[in-house]
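Fold and geometry: a report
Next come the chains, spelled out residue by residue.
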Amino acid sequence: MNREFQRLAREHGGRIYTFALHALRSHEDAEDVTQEVLVRMWRHRENVEPARMHAWVMRVARNLVIDVSRRRRKRAAIFAEGADVEMLAVETPAGPAPAHSAERHELRSALETMVSELDEPYRSIVIMREIQDRSYNEIAEAMEIPLGTVKVYLHRARRRLRERVRKELGNDLG
Amino acid sequence: MTLDDAATCAWVRERVEDYVDAPDGGLSPLERAAIARHSAGCAACRAEVDTARALLQELRAMPEYAVPESVIATAQAALAEPRAVIRLLPVRTPSRAVRWAPAALAAAAVVLLVVTARWSGPVATEPSALADARVERATRETMLALSYVSHYTRMTGEIVAAEIMEKRVIGTVEKAIDRGVIDRALAPPLRRAMRNSDFVETNPARERS
């Protein structure tokens, strides 16, 4: 089981983790989601066609991300007296050429927050399409919505982001 | 700005995202030319186009991550554990009994609170030291009850999901506070106790690791 599980985990894990991290902006939550998806993937692997496994894991990941977001909102309402949700700054991974200035880093961070604060389904679509470069077909399958709907949602999501960027960052970005 | 200008600006802004999306964003050459012509002479629309273009570039440059090895290891460890939860329970109990057990425990916690809270009369009439002692005791009792709930969650693993726990436990307690069944003076320590209790965010797989 070990080797096969690790192969599958490496094949799908990065995609799940990236999606969850951009959506939730918390390493801990992203790790929890990824771990849970990997466990479910292994348990259900025989019931899912290999060709559809990518879409299946993304669907499960998205559902879990939505659950975490919902729980955060509930907790925020219940424990309104104090800070309950820690939105951690996601560190940019050490890359070969970190040429970003501090200002640029701040802009990137602000943008990442805006993405994570988009409503569903816009958040998932922006992450899958723009950050993870998934095809419209893959997104449609993962989200169980028609292809045309993916395009409409993506258009709205980009527009919402642009309007928020213009409002909060002015000309800093473009 | 004339009405025509305003209409053109609106038309352009409706298509900004498509315009900056490579290769043609679904726009016809005619539409693209019209947007280019308009934004060359309209600073506001040009700013929108620039923002949309920069936004898209930034989004597409955002990092993708590798899955941490620790996550793979923890998931593997979770899978190696037998799904003992269900087997530990009598075969006929899982569905209804297990689902409602947390609610029963939460109800017990509430009853405990009510009994403790009502035992010595309303807080307002008590000397503050006595009221403090009562709040402290109720909090302690609640923590104890909640620790049972937490333990039960761990035992039952995936059957009692955090979602159920939240709806039935936190929900029950919150309703009791709203309706005045639990003295409002007890609400802050009780909420703190719930917040600090790991049942709120139980992740069975993680706990097993």
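Residues numbered from 1 in each chain as written. Chains lettered and ligands numbered in written order. Predicted model: local features only at pLDDT ≥ 70, side-chain atom pairs only at ≥ 80, totals over all residues. Heavy atoms only, no water.

**As for the overall build of chain A**
As a reminder, the rule being used: Per the convention used, a helix needs a DSSP run of H or I reaching at least four residues, while a strand needs a run of E reaching at least two, with both numbered from the N terminus. Only protein chains enter the accessibility calculation, which uses a 1.4 Å probe. A residue is then buried if its area is under 20% of the maximum for its type, exposed if over 50%, and partly exposed in between. Whether two residues are in contact is decided by their heavy atoms, any of which lying within 4.5 Å being enough. Reported accessibility uses the Shrake-Rupley method at a 1.4 Å probe radius. Residues are deemed covered only where the shown protein chains occlude them.
Looking only at helices and strands, one finds 7 helices and 0 strands in chain A. The secondary structure elements of chain A, listed N-terminal to C-terminal, are α-α-α-α-α-α-α. Taken across its 174 residues, chain A has 49% of its residues classed as buried. Counting only contacts in chain A whose residues sit at least 6 apart along the sequence, the fraction spanning at least 24 positions is 66%. Summed over its atoms, the accessible surface of chain A is roughly 8,600 Å², and 47% of this surface lies on carbon and sulfur atoms.

**Things to note about the pattern of salt bridges**
Note the threshold: When a carboxyl oxygen of Asp or Glu lies within 4 Å of a side-chain nitrogen of Lys or Arg, that pair is called a salt bridge.
Taken as a whole and judged by the stated rule, the model has 28 salt bridges over all chains. Between Arg60(B) and Asp21(B) there is a salt bridge, and its shortest N-O distance comes to 3.0 Å. Of this pair, Arg60(B) sits in helix α4 (residues 43-60) while Asp21(B) sits in the loop between α2 (16-20) and α3 (29-41); the two residues are 39 residues apart in sequence, bridging distant segments of the chain. By relative accessible area, which is 37% here, Arg60(B) ends up partly exposed. Exposure remark for Asp21(B): the relative accessible area of 8% places this residue in the buried category. When salt bridges that share partners are traced, they join Glu130(A), Arg158(A), Asp21(B) and Arg60(B) into one network.

**Some words on the nonpolar core**
Rules: Among buried residues, the Ala, Val, Leu, Ile, Met, Phe, Trp, Tyr and Cys ones that are joined through side-chain atoms within 4.5 Å form a nonpolar core.
Counting 60 residues, the largest nonpolar core has Phe5(A), Val33(A), Val37(A), Leu38(A), Val57(A), Val126(A) and Leu161(A) as the members making the most contacts within it. Broken down by element, this core gets its largest block of residues, 10 residues, from helix α1 (residues 2-24) of chain A. Beyond its immediate sequence surroundings of up to four residues, Val57(A) is in contact with His12(A), Ile16(A), Val37(A) and Met41(A). Core analysis: the second largest hydrophobic core is formed by 12 residues, Leu27(B), Ile35(B), Cys45(B) and Leu56(B) among them.

**Overview of the side chain of Arg25(A)**
Stated precisely, the cut-off is as follows: N or O atoms closer than or at 3.5 Å make up a polar contact, with two conditions inside protein: a donor-capable atom paired with an acceptor-capable one, and, for residues adjacent in sequence, both atoms drawn from side chains.
Assignment of secondary structure puts Arg25(A) in the loop between α1 and α2 (27-44). Here Glu112(A) takes part through its side chain, which lies 3.0 Å from a polar atom of the side chain of Arg25(A).

**Focus: the state of the cysteines**
All names here are of chain B. Our working rule: Disulfide assignment relies on a single distance test, namely cysteine sulfur atoms paired within 2.5 Å.
Following the criterion strictly, the structure yields 0 disulfides over all chains and no others. No disulfide involves Cys9; its sulfur sits 3.7 Å from that of Cys45, the nearest cysteine. Using a relative accessible area of 7% as the deciding quantity, one classes Cys9 as buried. With no disulfide of its own, Cys42 lies closest to Cys45 among cysteine sulfurs, the gap being 3.7 Å.

**Examining empty space enclosed by the protein**
We count it as follows: Using only the protein atoms, space was sampled on a 1 Å grid; points where a 1.4 Å probe fits but cannot get out form cavities, open sets with protein on both sides within 12 Å along at least five of seven lines form pockets, and lining residues are those with an atom within 4 Å of a point. Grid points are joined across faces, edges and corners, and a volume is the space filled by probe spheres set on the points.
Tallying each qualifying case throughout the model produces 2 cavities of 30 Å³ or more. As a volume, the largest cavity reaches approximately 40 Å³. If you trace the largest cavity, you find it lined by Arg158(A), Glu17(B), Val20(B), Ala52(B), Leu55(B) and Leu56(B). Contributions of two or more residues to the lining of the largest cavity are made by α2 and α4 of chain B.

**Section: unusual backbone geometry**
All names here are of chain A. In this structure, Pro121 follows Glu120 across a cis peptide bond, with omega equal to 5°. Topologically, Pro121 is positioned in the loop between α4 (102-116) and α5 (122-131). One non-glycine residue, Arg25, lies in positive phi territory at about 55°. Under the relative-accessibility criterion, Arg25 is labelled buried at 6%. A positive phi is found at Glu144, a non-glycine position, where the angle reads about 55°. Within the element layout of this structure, Glu144 appears in the loop between α6 (136-143) and α7 (147-169). The exposure class of Glu144 is exposed, given its relative accessible area of 60%.

**What about the confidence of the model for chain B?**
All names here are of chain B. Rules: Summary of the metric used: pLDDT quantifies the predictor's per-residue confidence within the range 0 to 100.
Of all residues in chain B, 45% attain a pLDDT of 70 or more, and the chain-wide mean is 69. Here helix α6 (residues 84-88) is the element of chain B with the lowest mean pLDDT, 38, and α4 is the one with the highest, 92. Here residues 120-126 is modelled with pLDDT under 50, and outside its nearest four sequence neighbours on either side it reaches 11 contacts, counting other chains as well. pLDDT under 50 marks residues 198-209. Its contacts with residues more than four places away, or in other chains, come to 36 contacts. The ipTM value of the predicted complex is 0.83, and its pTM value is 0.63.

**So, the packing of aromatic side chains**
All names here are of chain A. Convention followed: Within 6.5 Å between ring centres, the rings of Phe, Tyr and Trp (the latter by its six-membered ring) count as paired, and their orientation is classed by plane angle as stacked under 30 degrees, edge-to-face over 60, tilted in between.
Across all of its chains, the model carries 3 aromatic pairs over all chains by this definition. Seen in terms of ring centroids, Phe5 and Trp42 are 5.7 Å apart; in terms of plane orientation they differ by 90°. Their pairing is edge-to-face. Taken together, the residues Phe5 in helix α1 and Trp42 in helix α2 connect sequence positions 37 residues apart. For Trp42, a relative accessible area of 9% puts it in the buried group. An angle of 90° between the planes, with centres 5.7 Å apart, marks the rings of Tyr122 and Tyr153 as edge-to-face. Pair noted here: Tyr122 is in helix α5 and Tyr153 is in helix α7, with a separation of 31 residues, a long-range link. Overall, Tyr153 belongs to the partly exposed group, its relative accessible area being 22%.

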